[in-house]
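Here is how the chains run, residue by residue.
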Amino acid sequence: MSNVPGAVLVPAHTYPQRVMFAENFPFCAVPAPQRGPRAGLAPGSMAGPGSAPVGSAAEDERPPAPQRVLFPPTFSVSEIKNKQRRHFMFLRWKQQQRKEKLAAKKKRRKEREALGDEAPPKAIPKTIENQRVYDETTVDPNDEEVAFDEATDEFAPYFNRQTVPKILITTSDRPRGRTVRFCEQLSTVIPNSHVYYRRGLALKRIIPQCIARDFTDLIVINEDRKIPNGLVLSHLPDGPTAHFRMSSVRLRKEIKRKGKEPTEHVPEVILNNFTTRLGHSIGRMFASLFPHDPQFIGRQVATFHNQRDYIFFRFHRYIFKSEKKVGIQELGPRFTLKLRSLQKGTFDSKFGEYEWIHKRREMDTSRRKFHL
């Protein structure tokens, strides 16, 4: 750096405005200031003792001063020691990247418009979903074996319209206010559901009472540190029982731009992206919570969307603004589920037989492998 012609070595704090990133280098090469002719001196006159006249041949032979500071070719923003300066330069770099990306996108669009019908097809972006590892248990709708299993499983009476859903919602022992409010709001989403307090009873004693009173499903909301963190769903009378980890719970008052209170109309149900045999079992379990015939006049829809083995629940009201536009309004509550285990029969923590258990260290070896 010191070999740059016409430059002098100065400390980094001397010229803070003229040297970028000066805090990273103890000494930087800065162009020497150029002196102009003094006031009152004619060109060619002596500026001082021993100095050459202005415009002389000695000055003409002087090489031009560099216009900017030269940095090493391997310089990166992470080398900046100052946190605020580093953050500012990173934002400016991101903004530049965004501009370049937008310019390239506009250029490709113009090229496609110029080519017209001869334009090549758009490239499909690579995502974790479309790069998913193939699962041999993926369900084929035309598979006779799958159709036979679904016709003879525990949910067959519901899908054959032989039973009417009746749900019991309860909590863990001594629930707090947030969990109680969540159960009450969940009962307004699921028709024909009833909320009962646990009162210290074990699930093994609750399940026979539910069967005697013609309940078809049992939902237990567990909490930890006053926050709902688990859900147990047991289909009665023969099971199965699913245990979910619950997260991201939002009550109605915590949702921005929420709609009015939901009505008593039976909602529509959307089950999205349950593709494997295990996913079909979970999807059929959620479907059996709601009656068969939705009341479309209520314009309410409950959605269970599976993405990367996380089940997102949303409850909306929709309205048709025109023939092509539809407006939606979230009613709440909302939450996210992650399947932990699926057990045959009703709840039995000691002697129950498990169909599937999520073992994180053995199953989560690849980000592109999903089970639902």
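In what follows, the accompanying structure is described. (Residues numbered from 1 in each chain as written. Predicted model: local features only at pLDDT ≥ 70, side-chain atom pairs only at ≥ 80, totals over all residues. Heavy atoms only, no water.)

A count of helices and strands for the chain gives 8 helices and 13 strands. For the chain, with 372 residues in total, the buried portion stands at 32%. Of the roughly 25200 Å² of accessible surface on the chain, a fraction of 52% belongs to carbon and sulfur atoms. (Helix = DSSP H or I, 4+ residues; strand = E, 2+ residues; numbered from the N terminus. Buried < 20%, exposed > 50% of the residue type's maximum accessible area, 1.4 Å probe, protein only. Areas by Shrake-Rupley, 256 points an atom, 1.4 Å probe, with all protein chains shown as cover.)

In this structure, Ile 219, Phe 244, Ile 282, Phe 286 and Ile 311 are the most contacted members of the largest nonpolar core, which totals 36 residues. Among all residues touching Ile 282, those that are not within four sequence positions of it are Ala 242, Phe 244, Phe 274, Ile 311, Leu 339, Leu 342 and Leu 372. Counting residues in each nonpolar core, the second largest holds 10 residues, with Leu 168, Leu 203, Cys 210 and Phe 215 among its members. (Core = buried A, V, L, I, M, F, W, Y, C linked by side-chain atoms within 4.5 Å. Contact = heavy atoms within 4.5 Å.)

Our next topic: helix α6 (residues 203–212). The set of residues buried in α6 consists of Leu 203, Ile 206, Ile 207 and Cys 210. Within α6, the buried residues cover an arc of 100° as seen down the axis, which keeps them to one side. Looking at α6, the residues exposed on the side facing more than 90 degrees away from the buried face are Arg 205 and Ala 212. Where α6 is buried, its residues touch β3 (167–171) and β5 (217–224). Phi turns positive, to about 65°, at Asp 214, one or two residues after α6. (Arc of directions from axis to C-beta.)

A contiguous patch of positive charge, built from Lys 94, Arg 98, Lys 101, Lys 105, Lys 106, Arg 108, Arg 109, Lys 110, Arg 112 and Lys 122, is present on the exposed surface. Mapped onto the elements, Lys 122 comes out in the loop between α2 (83–115) and α3 (144–152). (Patch = residues over 30% accessible without salt bridge, like charges linked within 9 Å, V, L, I, M, F, W, Y side chains within 5 Å. Salt bridge = Lys/Arg side-chain N within 4 Å of Asp/Glu carboxyl O. Lys, Arg positive; Asp, Glu negative; His and termini not counted. Charge placed at Lys NZ, Arg CZ, Asp CG, Glu CD.)

For the rest of this paragraph, the subject is the pairing of strand β10 (residues 310–320). In this structure, strand β9 (residues 300–307) lies alongside β10, joined through 8 bridges in antiparallel fashion. Across the sheet, Gln 307 pairs through a bridge with Tyr 310, a residue of β10. Hairpin connection of β9 to β10: 2 residues between the antiparallel strands, including Arg 308 at a positive phi of 55°. With 5 bridges joining them, β10 and strand β11 (residues 326–330) adopt antiparallel strand pairing. (Pairing = 2+ DSSP bridges.)

We now examine the pattern of salt bridges. The full count for this structure, using the stated rule, is 10 salt bridges. Between Arg 277 and Asp 149 there is a salt bridge; the shortest N-O distance is 2.5 Å. Here Asp 149 lies in helix α3 and Arg 277 lies in helix α7 (residues 277–287), a separation of 128 residues in the sequence. Taking relative accessible area as the criterion, Arg 277 reaches 33% and is therefore assigned partly exposed. When the shortest N-O distance is used, the salt bridge between Arg 252 and Glu 261 registers 3.6 Å. Judged by its relative accessible area of 57%, Glu 261 falls in the exposed class. Connected through shared salt-bridge partners, Glu 150, Asp 153 and Arg 284 make up one network.

Our next topic: α2. For α2, spanning 33 residues, the distance from its first C-alpha to its last is 48 Å, which sits close to the expected 48 Å at 1.5 Å a residue. Where α2 starts, the residue carrying a side-chain oxygen 3.1 Å from the main-chain nitrogen of Gln 84 turns out to be Asn 82. Trailing α2 by a residue or two, Gly 116 shows a phi angle of about 70°, which is positive. (Expected span 1.5 Å × (residues − 1). Polar contact = N/O pair within 3.5 Å; in protein donor to acceptor, adjacent residues only side chain to side chain.)

On to the side chain of Thr 216. When you line up the elements, Thr 216 lands in the loop between α6 and β5. Here the side chain of Thr 216 touches Asp 217 through a polar contact of 3.2 Å, side chain to side chain. Those residues in contact with Thr 216 that sit more than four places away from it in its chain are Val 164, Pro 165, Lys 166, Ile 167, Ser 234, His 235 and Leu 236.

Looking now at the packing of aromatic side chains. Going through the model one piece at a time under the given rule, you end up with 9 aromatic pairs. Judged by centre distance (6.3 Å) and plane angle (65°), the ring pair of Phe 290 and Phe 304 falls under edge-to-face. With Phe 290 in the loop between α7 and β9 and Phe 304 in strand β9, the pair connects residues that are 14 residues apart, well separated along the chain. Exposure class is identical for Phe 290 and Phe 304. Each is buried. Put simply, the rings of Phe 182, Phe 244, Phe 286, Phe 290, Phe 304, Phe 313 and Phe 335 pair up and form one aromatic cluster. Over the face of the ring belonging to Phe 215 we find Lys 166, whose NZ or CZ atom lies 4.7 Å from the ring centre. (Phe/Tyr/Trp six-rings, centres within 6.5 Å; stacked < 30°, edge-to-face > 60°. Lys NZ or Arg CZ within 6 Å of the ring centre and 35° of its normal.)

On to a nonpolar patch on the surface. Together, Phe 90, Leu 91 and Trp 93 line one region of the surface with nonpolar side chains, adding up to about 310 Å² of accessible area. Take Leu 91: it is sitting in helix α2. Exposure remark for Leu 91: the relative accessible area of 44% places this residue in the partly exposed category.

Excluding glycine, most residues fall at negative phi; most peptide bonds, likewise, are trans. In this structure, Pro 237 follows Leu 236 across a cis peptide bond, with omega equal to 5°. Structurally, the position occupied by Pro 237 is in the loop between β6 (227–235) and β7 (241–250). In this structure, Pro 240 follows Gly 239 across a cis peptide bond, with omega equal to 0°. Checked against the element boundaries, Pro 240 lands in the loop between β6 and β7. At Arg 308, a residue that is not glycine, the phi angle is positive and equals roughly 55°. Summarising the element assignment, Arg 308 is placed in the loop between β9 and β10. Using a relative accessible area of 35% as the deciding quantity, one classes Arg 308 as partly exposed.

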